[in-house]
Amino acid sequence: FQLYGYCYQDSNDIPDTLTTITELGSPLEMIQLLQTSWEDRFRICLSLVRLLHYLAHSPLGSVTLLDFRPRQFVIVDGELKVTDLDDASIEESSCTSNSDCFMEFPARNFTLPCSVEGRCQSMNEKRNLYNAYRFFFTYLLPHSAPSSLRPLLDKIVNATGNHNKYGNAKYFPFLLSSSPSVNSEFTQKCVKSANTKYRRVPEAFIPDENYRCWPSYHHKGCLLSVFDVNEAIEICDSYSQCKAFVLTNRTTWTGRQLVFFKMASNHIVPDPDKITYVKVTD
C-alpha cells in the first residue's frame, strides 16, 4: 500500500500519535468481486500472489498477517493491496518437536517440521498462503473461468491449498510462472468463425439500444472484452437480443479490446474512435 506521508505528534491528550497518509482504495466486497469479469478477478489474484511473495522475502524477514481476511484489503486500480498491518508479525514460532508446529484452520490442519534452530519452518509463509487460498483463490479463480484454463487453474488452487504435495520453495515460483501462461491462453482465445453476416460501419457508434449482460464492464449496458472481431461475433450470436456491436479503442489490462453489444442499430452517430458491426438480416 503506497505511503504518501506520515506525521508524528506527541500531545498531552494522545501521546505517541502517528498519523499516516496513504492512497485511497475501494473496500473489498467478495460478492461484488464474484460479479465482475474473470479477467479482473485473475488480476486481483495475481496481485495477491505478488504480495505473498513480498511478505515471504521482505527486508524484515518472513512476515505473516495474523488477521488475514478480505476486510484488511482494498482495491486500487484493479490491484489488491493490504491496508492494515497492525497484526503483522515477523516472529516464527519456536518449537522443540514437530508437534509444536501445528497449524489449525476451520477446514484443515497442518504440521510443519521443527528446524534444528528450534523454529517452525516457514510457518509465517504457509499461514499466509493457506489463508489466501481459503479466502481468495478458491472463490475468485475457478468461478466462471474459461474452460480451456480450468485444468491449470485447478493446479494453481491445489498448490496453495495442499501443503503436503508442494514443497515450500515451489509455492511462489509456481504461481508467478503460471500467471503469464494463464494470461496468454486467455488473451489468445481461439474462436470459430460465425456464419452470421455483419456489415462493417467505420467511424460510427450506437449511443443507445443497450441491454444488460453478465459479466459487464458497464453497469447499464453490455460491455465485454474480446480478442478479435470473430470473438465479438461469436458473443453477439450467443445473445438473442444482440443485433450489433461496437469496437472501442479501449483495452483491458491484458490487451483485450472492449466492445459494446447493442440490441438495435436504428440510431448510428459518427465517432472516429469506434467501428460498428451491424447484423445483416435476410
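This is a predicted model, so every value here is computed, not measured.

**A few points about the overall build of the chain**
From N to C terminus, the chain includes six helices and 14 strands. Looking at the 282 residues of the chain, the share that counts as buried comes to 44%. Accessible area of the chain: about 15700 Å², with a carbon and sulfur share of 50%.

**Let's talk about the sheet that holds strand 5 (residues 73-76)**
Spatial strand order, 3-5-6: three strands in an open sheet with antiparallel pairing. The open sheet has two edge strands, strand 3 (26-27) and strand 6 (79-82), and neither has a second partner. Packed onto the sheet, helix 2 (residues 38-56) meets strand 5 and strand 6 and runs at close to 40° relative to strand 6.

**Regarding the sheet that holds strand 13 (residues 257-262)**
Sheet architecture is open: five strands sit in the order 10-14-12-13-11, paired in antiparallel fashion. Both edges of this open sheet fall to strand 10 (198-205) and strand 11 (222-226), since each of them pairs with a single strand only. Sheet twist, expressed as the average angle between the axes of neighbouring strands with direction ignored, equals 30°. Note that strand 11 and strand 13 share five bridges and pair antiparallel. Looking at strand 13, one finds that cysteine 222 is bridged to phenylalanine 261.

**Side note on the packing of aromatic side chains**
Following the criterion strictly, the structure yields 14 aromatic pairs and no others. Taking the centre distance of 6.3 Å and the plane angle of 75° together, the rings of phenylalanine 68 and phenylalanine 136 count as edge-to-face. Of this pair, phenylalanine 68 sits in the loop between strand 4 (64-65) and strand 5 while phenylalanine 136 sits in helix 3 (residues 123-140), placing them 68 residues apart in sequence. Taken individually, phenylalanine 68 and phenylalanine 136 each receive the classification buried, so the pair is uniform in this respect. Taking the centre distance of 5.4 Å and the plane angle of 55° together, the rings of tyrosine 198 and phenylalanine 245 count as tilted. Placement of tyrosine 198 in strand 10 and of phenylalanine 245 in strand 12 (residues 244-251) is noted, with a sequence separation of 47 residues between them. Tyrosine 198 sits in the buried class, given a relative accessible area of 15%. Phenylalanine 245 sits in the buried class, given a relative accessible area of 0%.

**What to know about helix 3**
With 18 residues, helix 3 should reach 26 Å at 1.5 Å per residue; the first-to-last C-alpha distance of 25 Å fits that figure. Tyrosine 133 marks where helix 3 bends most, by close to 45°. Burial of helix 3 is extensive: 14 of the 18 residues sit out of reach of the surface.

**So, the state of the cysteines**
Two cysteines joined by a covalent bond between their sulfur atoms form a disulfide. Applying the stated criterion across every chain, the model contains four disulfides. Across the disulfide, cysteine 101 is cross-linked to cysteine 120 (sulfur-sulfur distance 2.1 Å). Its S-S torsion of about -90° marks the bond between cysteine 101 and cysteine 120 as left-handed, since a negative value means left-handed. With cysteine 101 in the loop between strand 7 (88-89) and strand 8 (102-104) and cysteine 120 in the loop between strand 9 (109-111) and helix 3, this residue pair connects regions lying 19 residues apart in the sequence.

Quick notes on the rules
- Residues numbered from 1 in each chain as written.
- Predicted model: local features only at pLDDT ≥ 70, side-chain atom pairs only at ≥ 80, totals over all residues.
- Heavy atoms only, no water.
- Helix = DSSP H or I, 4+ residues; strand = E, 2+ residues; numbered from the N terminus.
- Buried < 20%, exposed > 50% of the residue type's maximum accessible area, 1.4 Å probe, protein only.
- Areas by Shrake-Rupley, 256 points an atom, 1.4 Å probe, with all protein chains shown as cover.
- Pairing = 2+ DSSP bridges.
- Contact = heavy atoms within 4.5 Å.
- Axes fitted to C-alpha atoms, helices over the stretch in contact; angles between N-to-C directions.
- Phe/Tyr/Trp six-rings, centres within 6.5 Å; stacked < 30°, edge-to-face > 60°.
- Expected span 1.5 Å × (residues − 1).
- Bend = angle between axes of the 7 residues up to and from the residue.
- Disulfide = S-S within 2.5 Å.

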